[in-house]
Every structure is written in C-alpha cells, then in structure tokens.
Amino acid sequence: MYRARTVLTNLVPLASLIPRAAPDRFASWILKSDHILCSITGTDIRHYSSSVATEPFLNGSSSAYVEEMYNAWLADPKSVHVSWDSFFRNSSAGAAPGQAYQAPPSLAEPGRNQLPITSLAPLLGAAGAPALGGQVNEKVIDDHLAVQAIIRSYQARGHLVSELDPLGIMYADLHSTFSDRKGKPHEIVIRGHHIAKLDPLGISSADLDDKHPPELLYSHYSFGKRPSTTYSQHLQQKVASMMEQEGDMDRVFKLPSTTFIGGKEKALSLREILSRLENAYCRHIGVEFMFINSLEQCNWIRQKLETPGVMEISSEEKRLILARLTRATGFEAFLARKWSSEKRFGLEGCEILIPAMKAVIDKSTELGVESIVMGMPHRGRLNVLANVCRKPLEQIFTQFAALEAADDGSGDVKYHLGTYIERLNRVTNKNIRLAVVANPSHLEAVDPIVQGKTRAEQFYRGDGEGKKVMSLLLHGDAAFCGQGIVYETFHLSDLPDYTTHGTIHIVVNNQIGFTTDPRHSRSSPYCTDVARVVNAPIFHVNSDDPEAVMHVCKIAAEWRATFHKDVVIDIVSYRRNGHNEIDEPMFTQPLMYRKIKTTPHVLDKYSKRLIEEGVVTTEEVKDVRDKYEKICEESYLNARKETHIKYKDWLDSPWSGFFEGKDPLKVSPTGVKEDTLVHIGKRMSSPPPNAAEFVIHKGIERILRSRMEMVESRTVDWALGEGMAFGSLLKEGIHVRLSGQDVERGTFSHRHHVLHHQLVDKATYRPLCHLYPDQGPYTVCNSSLSEFGVLGFELGYSMTNPNALVCWEAQFGDFNNTAQCIIDQFISSGQAKWVRQSGLVMLNPHGLEGMGPEHSSARLERFLQMSSDDPDYFPPESEEFAVRQLHDINWIVANCSTPANYFHILRRQIALPFRKPLILMTPKSLLRHPEAKSSFDEMTENTQFLRVIPDQGPASQNPSSVKKLLFCTGKVYYDLKKAREERKLEGDIAISRVEQISPFPYDLIKKECAKYSNASLAWAQEEAKNQGSWTYVQPRFHTALSGSRDVRPPIQREGFFNKLFGGKSDDNATSQLDSPNTKPRIISYVGRPTAASPATGSKMQHLKELNALLDDALSL
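Here is a short report on the structure shown in this document. (Residues numbered from 1 in each chain as written. Predicted model: local features only at pLDDT ≥ 70, side-chain atom pairs only at ≥ 80, totals over all residues. Heavy atoms only, no water.)

1. Details of the overall build of the protein
Right, on to step 1. Tallying secondary structure elements over the protein gives 39 helices and 32 strands in all.
Right, on to step 2. By residue count, 56% of the 1116 residues in the protein fall in the buried class.
Right, on to step 3. Look at the contacts in the protein between residues 6 or more apart in sequence, and 81% of them connect residues 24 or more apart.
Right, on to step 4. Counting only carbon and sulfur atoms, one obtains 51% of the accessible surface of the protein, whose full area is about 46800 Å². (Helix = DSSP H or I, 4+ residues; strand = E, 2+ residues; numbered from the N terminus. Buried < 20%, exposed > 50% of the residue type's maximum accessible area, 1.4 Å probe, protein only. Contact = heavy atoms within 4.5 Å. Areas by Shrake-Rupley, 256 points an atom, 1.4 Å probe, with all protein chains shown as cover.)

Set out below in structure tokens:
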C-alpha cells in the first residue's frame, strides 16, 4: 500500500489536494475510479519545476474550498500556505491554465521503489504514445503495481506450494504440482492466505487432514461476481485477468529493486517473470525469510535464490554429490545386512543428510572455520560418525559386538556416543576439527551443551566474531517443535555472553514422530516455526533433489559467515523403517508406508539422472558402490579381531596434557598469602580508580565501606569470601565464569560484581576484572530466565578447558528442578557413560526460612541419592583417604557454613588433579549473619577445606562429660548454636558440622564419635525427614560406627582412569568390626516429620516447626 501511494504521489503532483485521493483513502479511490485519467507531464527528474496541463482539482466539490482559500489570500497572503500564495500570484499575473502551480524544486534522486514517469515511456507501448504530453491510462500504473505485488507474494508465500515432499503425498489435495502450473502462479501464492502442507511423500490427504476452510479456496473469492473491496483483492483480480490475456502475458514490465530474477535485465515480460519466480520459489526449495526485518538480509537471500543460473553446478560437483550419497547409502545397507536385528537408528530415507553436512562443512571451512562442534539425536549418528567425521569403521563395528570394555565406567549404547576428530578436508585442503557431543535419548537436550562448548572454544581462541569456531545442530521434526529446550537455546543465540555468532540447524524432517502424525504433534504449519522468533531464515528443501539440498546448504553456510546469525535447513524426507529397524510402522501409518515401499532410493534416482545427463556411466556408478562395499568389508574383518571396546575412543572433549605428569592423588594447596587477600578485598571494596565522575548508588557505597572495614579487621563475609576465591584464581591465570539469573548483583543483593553508573546508561565497572595486569579473564553475566538451557550451556562451557572455574547459580535452589534433565543425564552420569569429566559448580541457595514451599529447598536429597559411593563400604584409611574418595565418586555435594570453607572448596575445584562436578547448597540469611564470618587466619597458607568442622566450644574441652553429640550441615547450625547458648548447654551438647556430605567423611565422623564416647548421637536437619541429608547419612553413619570396611565395593575393571589414578582398592585391608561385646552405637533423627511439600507457606507454622526441632535437638 505504501508503494502504491508513493507511485501516486510521484505521478499526480496535486494528488494530496484531492479529497478523493488523499493517501489514507487511496485504496478505495483507485478501485472506484474506473475511467479516471490523470493528466501528467513527464519531464526529466533533474528539472526544477513540474508543469500540469490543467487544474484537476477545480471541480464542483472543491470549488468552495478554493474560493475560501482565495478570499483568505486576498485579505492576507501570509494566512495561507506558501503553495497557495504562489498559485494565486501566478494566476493573477495571467499564467496560462496548468502553469499557475509549480512544484517546489528538488535535486533528490528517486527513493527506493520510486521512479520518474519518464522511465515508464518505453514500457507504455502504442497505447502510451501521448504519455509524455498528454493522458496516461491508469491501467498502466495498476498493472505495474500488480506485478510488483505478485513478485513479493512469491517471495513471501512461494514456499507454501513448493514441492518439498519426495513421496508427493502432502499436496495431493492441496495444490497443483510445479509442472501442472506451467509457469503460472498458484492461487495460494496470490490469495494472501497461508496453508502449509509440504510433504515429500504426498500422502497427507490420505492419513492426515484434508479439510480446509472455504476462505482458503480460490473460488471462494468469486472474482468478477462482486466488486472487490480491498486493494489486496483488487491486485488479485488484476493478476488473474492479466493471466487470462495472452497479450498481457507478453507485455514487458519494469522490475523493482527488490527482485533479482532479471539478472542484468531491468525489464521482463509477465510470462518470464512468473516463470522465473516459479523456478526460484516453487520447485524443490521453499524459503521463509520475508519476516526478517532487515532489507539487506532479505535482498541477500533474494539474490542467492533468484539470480538466473544460480543453481547450475559443474559435472565434478555432481560426481562428488553422487560419491557422498553412495557412501551414506552403502553404510546403512552394510549395517542392515550384517546386523539385521540390531537397533542402530539408521538414516534410510534421508541419506542426503551426509552430503548436506559435508557441503556445510566444506563451505564453512572455505570461509575460514577451523572447528565445528556438532550435536544430534540418535537417528543417523553412526553414519555421521563414519562418513562426516571419518571415524574408523573398525571402532564403529566393534560396538555391535558383545565385547568387554577396556575402560572403567558403565558406557552407553553406540548411537549415543560422541567423538572428536582432527582431519584434512580434502575439498578445501584445510585442517578441520570435528566434535560430535555425546547425547542421551532425551532429544534436543544436547543443544545448549553444544552452544556452551562452542562459546568456550571461541573464547579460548580469541574468536570474538565466531569466524573460527561454529556449532552445527541436527534435529528431528517432532523434537524440534515439541521440546521447549529448542526455544530456550534459540533465545541464547543473540545474548552477548552466550552467543555463538550463528548456528546452522539441520532438521531431518521424517514427517512423523515415532508413531505420531504432524497434525497431532504440533499446532504450527511447519516444525521449524520456532526459529522465526530470532529472525532465522528457514530453507525447506526436498530431500530427493540432491542439488537443491546442496544449494541451500551452501547458502546457509554463507549466511552464517556473512551475518553471524542462526539459519535453519529443513530437509523434508521420510523414514524408510519404523522408529527403529525392528519396529513395524504399518500399524499406525499404513498409507504412508505403502507409498514409501514403492519409492526408489534417492541414490537410484540421482544416479539415473546423472546417467541421462551424461555426467557418469552405469559402470562408474557401480564402481563407486563396489569400492565402498570393499572398504566396509575390510573394516568388518579387522573389527572381528578386536577383543575389547575402548570408551576413550569416543571422548568428545579431550583435555590434551591435563592428566599427564601429575600425581593423581596430590591436591595443590588452597590457602593463599594474606597480601593477596588484602589486595583483592580492597579492590572489591573500592569504586573505579581514577573515575571520580562514576556515580555509585548510595546503598552500594555503604556496602563498599562495610567491605573495607571487614578487610581492615581481617574478616570476610560470604560475598567477600567468594570474591577472594575468584580473585585468587584469576591471579593464577585461571578463567572464572559465573552465570545464572541475576548473578551480577546476586539474588539477595549481596554480590555486586558489576557496579552501575547512576547517571549514564550501560556504564559499568567490574572490580574483579581489574585486579592484576596479567590476571585470568573474569566473566559474570546475567542469563535469560532459563535453567535447562543455561545450565546445559555452562556444562558445555566447562567441558572445553579443565583450567577454568565455571559456576552456575540458581536464583533459588529449587529452580534447578527445571534443569533436572541436564543434572540427571549429563552432570551426574557423564563420566560413567562417556569418560567425560567436568568441574562445573552448581550454586543452589538452600534453607528453610519461612519463604514458602518454592524458595526453601534446593532438593539436596536428589543430589545425594545420585551419589555413587557405597553406603556399606568404609574405604581404607590412609593419607590419601579424602582425595581418593573424591576421585572415585561421580560428584561432590557440600553445604558449607563458613565463608572460609566456601573459599577453599571453590579453589579446590582447580587444585584437584582431576575434575568433578561440585553441587553446593549456598545460604540466604547467612549472607548477612553476623556470626557467618571467617578470619583471614582460616584462608591463608597452610589452611584447607574442612570436610567436618568439629565443635570448638566448652564441650570440646571436656568431651567425656558431653551427653549429646549433634551432627548437622549448613544454616541450621547457627539456629542450634543460638538455642544451645540460650539454654546454657554448651558443656553438655557438642555440635559438629558436616560440610562435605558426599563423599561421606567416614574417617572424620568415626574420629568425632570416638572423641565423645559417652554421648548419644543425633543428626539434626531443618528439612523434612524424607528430604535433606538423612536418608543418605543414616546408613553411612552405621558403617562408620560399626567400622565395617571388609564389605567390598562392586568389582571394578582395571580401566583407563584406574590405571591413571591408581583406582585399586587396598588388598591388605582387613576387617575391623567391633568386638561382639561392644554394643554398636546408633544415630537418631532430629527434625521435621515426613512431608510432601518442602516447606510450609505459613510463617507461624514455620516458627512452630523450628521451635519443635530445636527442643527435640537440645533435649537430654
């Protein structure tokens, strides 16, 4: 509509003065004016005036207005607009009709989509001969507008009638085929209504939905039977009438600047325009891009698709596609023959994925990419590993044999495994690193992990624009639209601290999810519609047209290199088997699979096509197949000679040089020099140096002053202790990254690692980034409101480099439950399944403080339940007891009660000779608790993390008289301590804090219990009995107290990590059971009863429960 008004304004200089033709009513005016002739004079645009033959506004309806203006001018010439003043002066001076009005001079060039009327002269034909001196029929303008509108319609809606389905079943009842249309636009393209059914099988009308509302049918509009009421309908009618006239089809129209179908030609006949648009947008490629709000990006895509001859490729390129397609097809066929009853989740039906991925890699490598991190579901994974990554076939084939593993760990099924390969790209002759990240069956869960790993690689390479490292994500159609993590990951794509500068997404669109049809699995037209939220262009392509697939893959790689934004390739294909090779799909999709059975393989189709084109011969096609068959057979024979499988062959994130040359059981010291603590503390307590104009909030000034006072008094609170841990690691060159919701300030307004200028937007100061000139980089970043996506991202980030402290903080501890998939499938079991270590730190605010069910518990019990230490096994005591426990367990769970211990456990993550995830319950009220402070003396050299903090009061001075020994963890210690003081029981009751809950500190618990030999034992916790630590610690207390260490842990293989870290158990360990005459001590429970909800929502009830807990704990 805007363009129509622009043309009107250019062609009719006085249109704005005509009430009927005012811009806001132009649509109705142009449609009602069946015979209006606009009188115009065409002149060169460089002239300074524009003349008009007559004064068209002087009619019955406007004469009164003109007369009123004239009378006002006579009274005062300045009371009217200068244009009226000029007009009346010229008329009074005797100017001829048509000469009285003069347009203001202009040197401006025409705007976009504007042109001087003179440029229409060659296109007007005989009917327009008098155009430059007389009357121009309005039909010329309307026809040009209609042609521009249909060009835009193809660009916006051509994808709706593209032939994307290799089976041809999606559009059976929906729209005609490309060949049937013979270069004329389908009504879907010009009617302005969306209907998207794009099936490479073409069976949707049979098994899917074939009922369409009447307004989607072209005949519903009844063109010619009633007057059109909108400009859109008017254009539809114009296009329809023009196509009915052969003469109109051969008329030549000037092309707008928003299309590239002309190549070097500026004008084309309507017939040629429609033909080229059909070829570009309605064959085997359907593109969604017109929603992108950048003209530059839209024109870039138009040029890649519309330029004549843009899809022509050489014979060599065709041969390369054929060779790659042959390998992809041959690999699946070989596996099907050798292991016909094995699940392998093959790629049959979408073998073109392999050439597609290799085309993306080739083009990306050519454009400068050196490393690609990939994530994908299980379908096609083995084929990708074999033919994209070039993983040795022997290693893949041994996974089908029932061989014992040479490594420790539980392993995973073959179609979940990842790998890491460095190889030469033969097409570009450049080295490329390819990593496929291991993934569980939880589809799409790997997406944020890939993004985090990619971001980390970019960070360590200094690749701030993503030119060297990129991510490539593969998806299934049902998962892409069904899994919310896809949306969460997309929303990280353009965030400053999370962007990977563009990801290429490839959707293997089987048009089915397990047994569920698309009409039951999504509400949107396409499975890819989620990508529109980040303005990612979406290329739908028919999998049975290999050359079209290669074309969009090259465009996608170039888009990512040019704009560094996400792009989606939707390969519309089918699944030749069921969900797996032994599944029967005919139960639920009989018509689809009847069609699939009669559909030739894409390799057969493409081979036949190239033979007909004379590119290859039948013998050459057979020779390529036979060569790959021979390669597979040789690898199969070699694989049969193997006696073990090696999990380390499938490691996706190797840390070269990290483990070598280290004492596997030696922990570096975690205490630091006092000078370091003072320096970091003062920097954290000071405003920006040399920036007196940096205005800080008054509240922040108070916090900085109180921090300085603590430093001067040699004490730290929680925030200062954390900052000193980070700062001391930064001094050692360690990269520290803290991520999560509101972490810059801290949920509880305690951290303040980013100071904001109160008068200047976006002016900030990060004290920890300015500690030392050669320090490690510090990143603190608020995340999107996502736990699943962001925790996965940080896990991926932590996998890349072991010499970094990567922390994720939950806003409240219980919010980690929306990231449970990452916790269960990756963090807890990642090393056991994939021999992949991670030192990720999870900070989970935890504690019952009357804030209700949702802001109390971080669900400590879930983490402890997944800890892999044996509750019945007391490890042999030795100097390496603590570090050996850490080495053998899957992760560390702790609930620190002092800033000093928090300081040490963070530093210990880097000091360990290996990496383990650290799950920390962090405080809320303790952040400002006057007693929750530590002295520098607990953080300086020769100090370390305390797994258990024993009682240091009067009770410890006379342990034999102590009547009760309480064990607890976390914040409840301060509640118990205060209540004990109020009741004057310091000499009768000892309170010991278990800071590291898992692995369980058997040796220290045993020692502490022995010290208070006459005391009854109790475990006190604020959580409900079925929650918190109780169910974890109870059996372990029994083991510690009974001294049972002759119970062997499960037999472990002498594997990779055992060899590396000395994982053998002590063969000389002997039974040390208490003598039969000694009565075994037991530990009782003190705390809230069992409950379904983590906490009460009533403040009164909370206090009542707390008092009951304290009464019970301190009763003698």
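That shown, we press on.
2. Side note on the sheet that holds strand β21 (residues 778-782)
Right, on to step 1. On the basis of which strands lie adjacent, the open sheet formed by seven strands has the order β21-β18-β22-β23-β25-β24-β30 and mixed pairing. Two strands bound the open sheet, and with one partner strand each, they are β21 and β30 (996-998). Each adjacent strand pair in this sheet contributes to an overall mean axis angle of 20°, direction not counted.
Right, on to step 2. Taken together, the five bridges between strand β18 (residues 735-740) and β21 define a ladder with parallel strand orientation. The partner of Leu738 across the bridge, within β21, is Val780. (Pairing = 2+ DSSP bridges. Axes fitted to C-alpha atoms, helices over the stretch in contact; angles between N-to-C directions.)

3. Thoughts on the side chain of Lys453
Right, on to step 1. In this structure, Lys453 sits in helix α17 (residues 447-461).
Right, on to step 2. Excluding anything up to four places from it in sequence, Lys453 contacts Val373, Ala435, Val437, Asp652, Ser653, Gly796, Tyr797, Met799 and Thr800.

4. Overview of empty space enclosed by the protein
Right, on to step 1. Scanning the entire structure with this criterion turns up nine cavities of 30 Å³ or more.
Right, on to step 2. In this structure, the largest cavity spans a volume of roughly 90 Å³.
Right, on to step 3. Lining the largest cavity are 13 residues, and of these Phe826, Ile827, Gln831, Arg836 and Ser838 sit closest to its centre.
Right, on to step 4. Counting only elements with at least two residues in the lining of the largest cavity, the list comes to α28 (788-800), α29 (820-828) and α30 (830-834). (1 Å grid on protein atoms, 1.4 Å probe; cavity = no way out; pocket = protein on both sides within 12 Å on 5 of 7 lines; lining within 4 Å. Points joined across faces, edges and corners; volume = space filled by probe spheres on them.)

5. Quick word on a nonpolar patch on the surface
Right, on to step 1. On the surface, a nonpolar cluster with roughly 270 Å² of combined accessible area is contributed by Val695, Leu759 and Val760.
Right, on to step 2. With respect to the helices and strands, Val695 occurs in the loop between α25 (674-684) and α26 (698-712).
Right, on to step 3. Residue classification places Val695 among the partly exposed residues on the basis of a relative accessible area of 31%. (Patch = residues over 30% accessible without salt bridge, like charges linked within 9 Å, V, L, I, M, F, W, Y side chains within 5 Å. Salt bridge = Lys/Arg side-chain N within 4 Å of Asp/Glu carboxyl O.)

6. Re the packing of helix α13 (residues 315-338) against helix α23 (residues 602-613)
Right, on to step 1. It is at 10 Å that the axes of α13 and α23 come closest, and there the two elements cross at 155°. On the basis of the axis angle, α13 is roughly antiparallel to α23. For the pair α13 and α23, the sense of crossing is left-handed. Together, Lys318, Ile321, Leu322, Leu325, Thr326 and Thr329 of α13 and Val602, Leu603, Tyr606, Ser607, Leu610 and Glu613 of α23 make up the contact between the two elements.
Right, on to step 2. Along the lines of polarity and charge, the residues of the contact of α13 with α23 split into seven nonpolar, three polar and two charged. (Parallel < 35°, antiparallel > 145°, perpendicular 65-115°, else oblique. Left-handed = near helix turned anticlockwise from the far one by under 90°. Nonpolar A, V, L, I, M, F, W, Y, C, P; charged D, E, K, R; others polar.)

7. Let's talk about the packing of helix α27 (residues 718-731) against helix α33 (residues 899-911)
Right, on to step 1. One way to put it is that α27 packs onto α33 with a least axis distance of 8 Å and a crossing angle of 25°. Comparing the axis directions of α27 and α33 gives the class roughly parallel. Our pair here, α27 against α33, has a crossing hand that is right-handed. Of the residues in α33, those touching α27 at Trp718, Gly721, Glu722, Met724, Ala725, Phe726, Ser728 and Leu729 are Pro899, Tyr902, Phe903, Leu906, Arg907 and Ile910.
Right, on to step 2. Its residues assigned to classes, the contact of α27 with α33 comprises 10 nonpolar, two polar and two charged.

8. Some points on unusual backbone geometry
Right, on to step 1. The omega angle of the peptide bond from Ser998 to Pro999 is 5°, so this bond is cis rather than trans.
Right, on to step 2. Mapped onto the fold, Pro999 is located in the loop between β30 and α36 (1002-1011).
Right, on to step 3. Residue His564 is not a glycine yet carries a positive backbone phi of 55°.
Right, on to step 4. Relative to the helices and strands, His564 is located in the loop between α21 (546-563) and β15 (567-572).

9. Comments concerning the nonpolar core
Right, on to step 1. With 97 residues, the main nonpolar core has Leu353, Phe397, Ile504, Ile506, Ile569 and Ile571 as its most contacted residues.
Right, on to step 2. Take this core: its biggest share by element is 10 residues, from α21.
Right, on to step 3. Contact partners of Ile571, with chain neighbours within four places excluded, come to Cys350, Ile352, Leu353, Ala356, Ile506, Val507, Val508, Asn509, Val541, Ser543 and Val549.
Right, on to step 4. Ranked by size, the runner-up nonpolar core spans 68 residues in total, among them Val790, Leu840, Ala955 and Phe1000. (Core = buried A, V, L, I, M, F, W, Y, C linked by side-chain atoms within 4.5 Å.)

10. Considerations on the pattern of salt bridges
Right, on to step 1. Scanning the model with the defined rule gives 46 salt bridges in all.
Right, on to step 2. A salt bridge links Arg947 to Asp1003, with the shortest nitrogen-to-oxygen separation between them at 2.9 Å. Here Arg947 is found in the loop between β26 (934-935) and β27 (948-949), whereas its partner Asp1003 is found in helix α36, with 56 residues between them in sequence. Accessibility assignment for this pair places Arg947 and Asp1003 in one class, buried.
Right, on to step 3. Members of the salt-bridge network, linked through shared partners, are Lys318, Asp545, Glu547, Arg609 and Glu613.

11. Structural notes on the sheet that holds strand β32 (residues 1083-1088)
Right, on to step 1. Pairing is mixed across the open sheet formed by five strands, whose spatial order is β27-β29-β28-β31-β32. For this open sheet the edge positions go to β27 and β32, each flanked by a neighbour on one side alone.
Right, on to step 2. The pairing of strand β28 (residues 964-968) with strand β29 (residues 989-994) spans five bridges and is classified as parallel. Across the sheet, the residue bridging to Leu965 is Ala990, located in β29.
Right, on to step 3. Against the sheet, helix α37 (residues 1030-1042) engages β28, β31 (1016-1024) and β32, with an angle of about 165° to β31.

12. Description of helix α39 (residues 1099-1113)
Right, on to step 1. Helix length check: α39, at 15 residues, gives a terminal C-alpha distance of 21 Å against a target of 21 Å (1.5 Å per residue), a fit within 8%.
Right, on to step 2. Within the sequence span of α39, burial applies to His1102, Leu1106, Leu1109, Leu1110 and Ala1113. Angularly, the buried residues of α39 cover 95° about the axis, an arc narrow enough to put them on a single face. Opposite the buried face of α39, by more than 90 degrees, sit the exposed residues Met1100 and Lys1104.
Right, on to step 3. Its buried side turned inward, α39 meets β28, α35 (972-982), β29, β31 and β32. (Expected span 1.5 Å × (residues − 1). Arc of directions from axis to C-beta.)

13. Things to note about the packing of aromatic side chains
Right, on to step 1. For the coordinates displayed, the defined rule picks out 36 aromatic pairs.
Right, on to step 2. Ring geometry for Tyr70 against Trp73: centres 6.0 Å apart, planes inclined by 25°, an arrangement best described as stacked. Linking Tyr70 with Trp73, this pair stays in helix α3 (residues 63-75), spanning three residues, or about one helical turn.
Right, on to step 3. With 5.1 Å between their ring centres and 65° between their planes, Tyr498 and Phe793 make a pair best called edge-to-face. Taken as a pair, Tyr498 in the loop between α19 (484-490) and β13 (503-509) and Phe793 in helix α28 lie far apart in primary sequence, 295 residues in all.
Right, on to step 4. The class for Tyr498 is buried, based on a relative accessible area of 2%.
Right, on to step 5. Among the aromatic residues, those joined into a cluster by ring pairs are Phe874, Phe881, Phe967, Phe1000, Tyr1002, Trp1019 and Phe1037.
Right, on to step 6. Against the face of Tyr636 rests Lys338, its NZ or CZ located 4.5 Å from the ring centre.
Right, on to step 7. Here Arg993 stacks its cationic end above the ring of Tyr973, 3.8 Å away from the centre of that ring. (Phe/Tyr/Trp six-rings, centres within 6.5 Å; stacked < 30°, edge-to-face > 60°. Lys NZ or Arg CZ within 6 Å of the ring centre and 35° of its normal.)

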